[in-house]
Structure formats: structure tokens, C-alpha cells
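Geometric and topological summary
Each chain, letter by letter, is given below.
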Amino acid sequence: KPTELKTVKEYVDSHYADMNATYAGQAKGKNVIVIHLESFQQFSIDRKVNGQEVTPFLNSLYHSSDSLSFANFFHEVGQGKTSDAENMLETSTFGLPQGSLFAKLGNDQTFQAMPAILNQRAGYSSAVFHGNNGSFWNRTRVYKNMGYQNWISGEYFNTTGKRSTAWGLKDKLLFKDSVPYLEQLQQPFYAKYLTVTNHTPFELDKEDQDPNFQTSNSGSKYIDNYFITNHYLDQSIREFFDYLKKSGLYNNTMVVLYGDHYGINNTENQELAPLLGKDPSQWTDLDTENLQRTPLIIHMPGLKGGGVKTTYGGEIDVAPTIEHLLGISTKRYIQLGQDLLSTNRSQLVVMRNKDWITPEYASISGTIWDCRTNTIVSSPTVEQQKLFKKLQADANEKLAVSDSLNQKNLLRFYHPLDFKNVDAANFDYSKSST
Ligand code: GP9
Ligand code: MN
């Protein structure tokens, strides 16, 4: 048993954030549906364009007392983009410093991921739904290694002609056409939907656009298009919720919605600034960092203690949060995130490039910013210098632990109590076999 694994385990044990009794087990036995909102950023929540809400339905979910919503949730992806987000959400470890973990290591990696954990601890079945080809981001291989029982990819759907954009089946059709498969899943199930229509360059056929929604005239085609596909995404989620309610699934399901990473590139900040009520000439690197917030909304009818939470966290923290809501202790697993609802968690959010942010300070390419004044901390006190050094060391350690774990495939040697390693050979995703 390599000493590297010991180091990882010690790190995890000393950073474990325990369950919050108010929330632990509230979703016990419920179905879980994770909805990955492609490229969807926090700034679109509550955003009005021409006096009209861009995403009225998501806004209503965000503010519902049946939701736990997070105002300071950050994406932490690297070059693996969507695949890094998926990896973080389901394993609570980071993607790689370069490239995509799914693509580079996914074939032979040992995962102790959410589908297998929920299956083995609480009898959950599992499925992923997505309108792009199964092989994109090496998903077919990775999902088997993660223990997904069903992978309902683009091959399962009619994706011809105007039913698709360049990235696959349009979201409204994905939700609609997935129903016959969703309804075959044994409950409780863990199901993930990866939306794709709100993906750069955010192009959508005229007939899919809401004639009553008038987008911005920002001077950036990307921004103007972005609000159009945001709005379409919002409608697709509303339609899916209508289905959940009509079918009755709504009452015994917890829905988790999150944005995977930014959609609007830094190159568009000058055009974006006025829409956010900011002076473009005053735009700072911290403003850009602040845009790396993406929504996280955990919605469940009857939830107690809901509301908009201001705790600082990121994608790495989602798996333990969900597991604890389901009443599953995560103590025995190697997970680098901390339950967002725990009362003894760290407020340090670590980005894949070693930048970090806390409620007070941010480090961006080695420069320290004061988050409250939006200025560079140019002459830090001795106390501050010590603090910044400590925060950077903590950030570096978290990434190093993750990289050691993943790059050396250390989970091969780790056997959590009652966890049976996943055997990819148990899963056959070919359409004919269903
Ligand atoms: C592709 C989709 C987009 O299937 O998930 O991935 P991204 O380009 O955002 O990484
Ligand atoms: Mn993505």
C-alpha cells in the first residue's frame, strides 16, 4: 500500500466536514436528478434584459423556500470543461492540471463515484441522459468505470436535422424524449441530464426562439445569443418540471441544478459590463473572477431550512453535500470537497489553476485582491502576508493531493468499508441490449 495513499487519506481525514443535523438525511430514499446546465453562469440568475427576466423559471427555483440555493458557488474546471465538472460532481476530486481526466485517464481509472456509492449504500439505479455522441469526452468508458447502469446518449435519440444544434439534441427534446427511458428506471434512481443547447456559439434556430423574448443589443453576438439560449434552457427546465409534477415523480425526487463553467469569454467583458451595471473602463481581474460563479440549486418539495446560502464553495463540494442530504455518511470515502451545509467547513475555494477566493480575498495569477473594495492589496501587513501564504499553501496542497490520487490511480489500493470495486464489464450500453 503506497505511502502516497496514506498522505491522501490523512489529508481527507483532517479536512472532513461533518453532517449538519438540520439537513442530514432530509432526502433519504428520494430519487436524485442532477441537471447540468451547460455554460450557465450565476449572473444570468435574476438578470433582466429589456425589462424581462432571462430565466424566469430558474429564478423561481432559486428563490423557492423548497430550494437550497448557493450565491457563492464557483466552477473549478480546467481544460476538461464539462468533463472536469462531471468528474468533480461525482467523485469530489479535481480534474487534471492539463487536459481532461475523462479523456486522459478515464479508460483504466478506478473511480469511487456517486452512481456506485448510491447503488451500494442505498440501492439506487443510475442513468445519464445527453444528446451528443456517446464517445464525446470518452464518456462511454468513464461511465462504465463510474458504475453508471445506463448511458442514454445521442445514439438513442433521433438527432436529425433541426432536432439538433452542433452539440447534439436540443434540450427540450432531450427532456421529452428521455421520458420513456426515465420511466423504466427502478426507484430510487440517480439520473443525470447533461444539457447542451446553451453552448458556445449559442446558436438556435428561429423557430425554437421565444417570439416574446427580446435579447440584448450589447455589441457582442455571443452575449446576445447567450441570453437567447439561456431563455431556451430555462423553458426546457420548466417543461421538464411540468412533466415531473404531472407524473408524480416531483414529490419523491430531489433535483440538483448546477452550471458547469462560464459561457461568456473574457474577450466579451467590455460588452458585458454595462449589462451588469458596471463601467467597462473600471473592469478588473476580480470582476472576471467573480463571474466564475455558477448556480447551484438543490430543490425538493417540503425541504426544511431552504433559502439562498452565502457560504463559499465549488463543484468539488457537491458530492458530499448530496450524499449527506441522502443520509449517507461520506467519512469512509476519499473526497476532497466539504459538505456545503456543514458548519465547520472552509471558505477557501480553490481553482484548477491555483487561483483561490474567500469572502475577503482572492488570488488571481499571484496577485492578491481585496474582495470588499475590488482593489489589489498592494502593501499587505505582516499578518496579511502570513494569511495569504497559508491560503496559497492550502490551495496548493488540495490540488497536489488530488493530482497524486488521480495521476497514480491510487483508489485501486483503497477499499472503503463495504465498497465493491466497479467492474466495467457489468455494463452494456449498446442500444440493442435494452
Ligand atoms: C459535449 C458537451 C460540451 O457533449 O458536454 O462539453 P464542453 O465543450 O462544455 O466541455
Ligand atoms: Mn460544458
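Use the structure listed above.
In this report, we go over the structure that sits alongside the text. (Residues numbered from 1 in each chain as written. Chains lettered and ligands numbered in written order. Predicted model: local features only at pLDDT ≥ 70, side-chain atom pairs only at ≥ 80, totals over all residues. Heavy atoms only, no water.)

**Points about the overall build of the chain**
Helix and strand counts for the chain come out as 12 helices and 17 strands. Taking 22 Å as the expected radius of gyration for a compact globule of 434 residues, we find that the chain reaches 21 Å, a close match to that expectation. Viewed in the frame of its principal axes, the chain has a C-alpha envelope of about 65 × 60 × 40 Å. Each of the 434 residues in the chain was classed as buried or not, and the buried ones make up 59%. Pairs at least 24 residues apart make up 76% of the contacts formed inside the chain by residues separated by at least 6 positions. (Helix = DSSP H or I, 4+ residues; strand = E, 2+ residues; numbered from the N terminus. Rg over C-alpha atoms; globule rule 2.2 N^0.38 Å. Buried < 20%, exposed > 50% of the residue type's maximum accessible area, 1.4 Å probe, protein only. Contact = heavy atoms within 4.5 Å.)

**Details of the coordination of the manganese ion (ligand 2)**
Bound to the manganese ion (ligand 2) are the protein donor atoms E38 (OE), E38 (OE), T82 (OG1), D260 (OD) and H261 (NE2), situated 2.0 to 2.6 Å from the metal. Taken together, the six donor atoms coordinating the manganese ion (ligand 2) span angles of 53 to 165° at the metal, a pattern that classifies the geometry as irregular. Each donor residue of the manganese ion (ligand 2) lies on one chain, and together they are spaced E-x43-T-x177-D-H. With T82 in helix α3 (residues 81–91) and H261 in the loop between β10 (253–259) and α9 (269–275), this pair connects stretches of sequence that are 179 residues apart. (Donors = N, O, S within 2.8 Å, 3.2 Å for Na, K, Ca; no water. Tetrahedral: all angles 85-135°; square planar, octahedral: opposite > 155°, others 65-115°.)

**Some words on the packing of helix α2 (residues 56–63) against helix α8 (residues 221–247)**
Between α2 and α8, whose axes approach to 7 Å, the crossing angle comes to 60°. Taken together, the axes of α2 and α8 lie oblique to each other. Touching P56, F57, L58 and L61 of α2 are H231, D234, I237, R238 and F241, all from α8. Classifying every residue of the contact of α2 with α8 gives six nonpolar, one polar and two charged. (Axes fitted to C-alpha atoms, helices over the stretch in contact; angles between N-to-C directions. Parallel < 35°, antiparallel > 145°, perpendicular 65-115°, else oblique. Nonpolar A, V, L, I, M, F, W, Y, C, P; charged D, E, K, R; others polar.)

**Regarding empty space enclosed by the protein**
In this structure the tally under the stated criterion is three cavities of 30 Å³ or more. The volume enclosed by the largest cavity comes to roughly 110 Å³. For the largest cavity, the lining is made up of 15 residues, of which Y16, A17, T330, Q335 and G337 are closest to its centre. Among the residues making up the lining of the largest cavity, the classes are represented as seven nonpolar, six polar and two charged. (1 Å grid on protein atoms, 1.4 Å probe; cavity = no way out; pocket = protein on both sides within 12 Å on 5 of 7 lines; lining within 4 Å. Points joined across faces, edges and corners; volume = space filled by probe spheres on them.)

**Observations regarding the site of ligand 1**
Around ligand 1, a shell composed of E38, K81, T82, H130, N132, F136, W137, R139, V196, H199 and H261 is seen. Within the side chain of T82, an N or O atom sits 2.7 Å from an oxygen atom of ligand 1. At 2.9 Å from an oxygen atom of ligand 1 is found a side-chain nitrogen or oxygen belonging to N132. Applying the majority rule of atoms within 2 Å of the grid points places ligand 1 in the second largest pocket. Considered class by class, the residues forming the shell around ligand 1 number three nonpolar, five polar and three charged. (Near = heavy atom within 4 Å. Polar contact = N/O pair within 3.5 Å; in protein donor to acceptor, adjacent residues only side chain to side chain. Sits in = over half its atoms within 2 Å of the grid points.)

**Topic: the sheet that holds strand β1 (residues 31–37)**
Here we have eight strands laid out as an open sheet, ordered β6-β5-β9-β1-β10-β11-β4-β12, and mixed in their pairing. Each edge of the open sheet carries a strand with a single partner, namely β6 (150–152) and β12 (307–314). Ignoring strand direction, the axes of neighbouring strands in this sheet form an average angle of 15°. In this structure, strand β4 (residues 67–74) lies alongside β12, joined through six bridges in parallel fashion. Residue pairing in the sheet places S69 in a bridge with V308 of β12. (Pairing = 2+ DSSP bridges.)

**Comments concerning the environment of S135**
Relative to the helices and strands, S135 resides in the loop between β5 (125–130) and α6 (139–146). Owing to a relative accessible area of 57%, S135 belongs among the exposed residues under this scheme. In the structure, S135 is positioned 217 residues away from R352 in sequence and 25 Å away in space, judged by C-alpha atoms.

**Some thoughts on the side chain of R345**
Inspection of the secondary structure puts R345 in the loop between α11 (318–325) and β13 (349–350). Separated by 3.0 Å, the side chains of R345 and T311 make a polar contact. There is a polar contact of 3.0 Å between the side chain of R345 and the backbone oxygen of D339. When residues no more than four places from it in sequence are discounted, the contact partners of R345 are A17, T311, Y312, G313, D317, Q338, D339 and L340.

**What to know about the layout of surface pockets**
Here the largest pocket defines a volume of roughly 500 Å³. Along the walls of the largest pocket sit 20 residues, with H75, Y262, E289, Q292 and N353 positioned nearest its centre. If one sorts the elements of the lining of the largest pocket by residue count, helix α10 (residues 285–290) sits on top with three residues. For the lining of the largest pocket, a count of residues per class yields six nonpolar, eight polar and six charged. Approximately 300 Å³ is the volume attributed to the second largest pocket. Together, 25 residues line the second largest pocket, and E38, K81, H199, T200 and H261 are the ones closest to its centre.

**Some words on the pattern of salt bridges**
Enumeration according to the criterion identifies 16 salt bridges in this entry. When the shortest N-O distance is used, the salt bridge between K408 and E4 registers 3.5 Å. Here E4 lies in helix α1 (residues 3–14) and K408 lies in the segment after α12 (382–407), a separation of 404 residues in the sequence. A salt bridge links K162 to E207; its shortest N-O distance comes to 3.0 Å. Placement of the pair is K162 in the loop between β6 and β7 (164–165) and E207 in the loop between β9 (189–194) and α8, with a sequence separation of 45 residues. For the residue pair K162 and E207, the accessibility class agrees, reading exposed in each case. Residues joined in a network through salt bridges with shared partners are E86, E90, R139 and K192. (Salt bridge = Lys/Arg side-chain N within 4 Å of Asp/Glu carboxyl O.)

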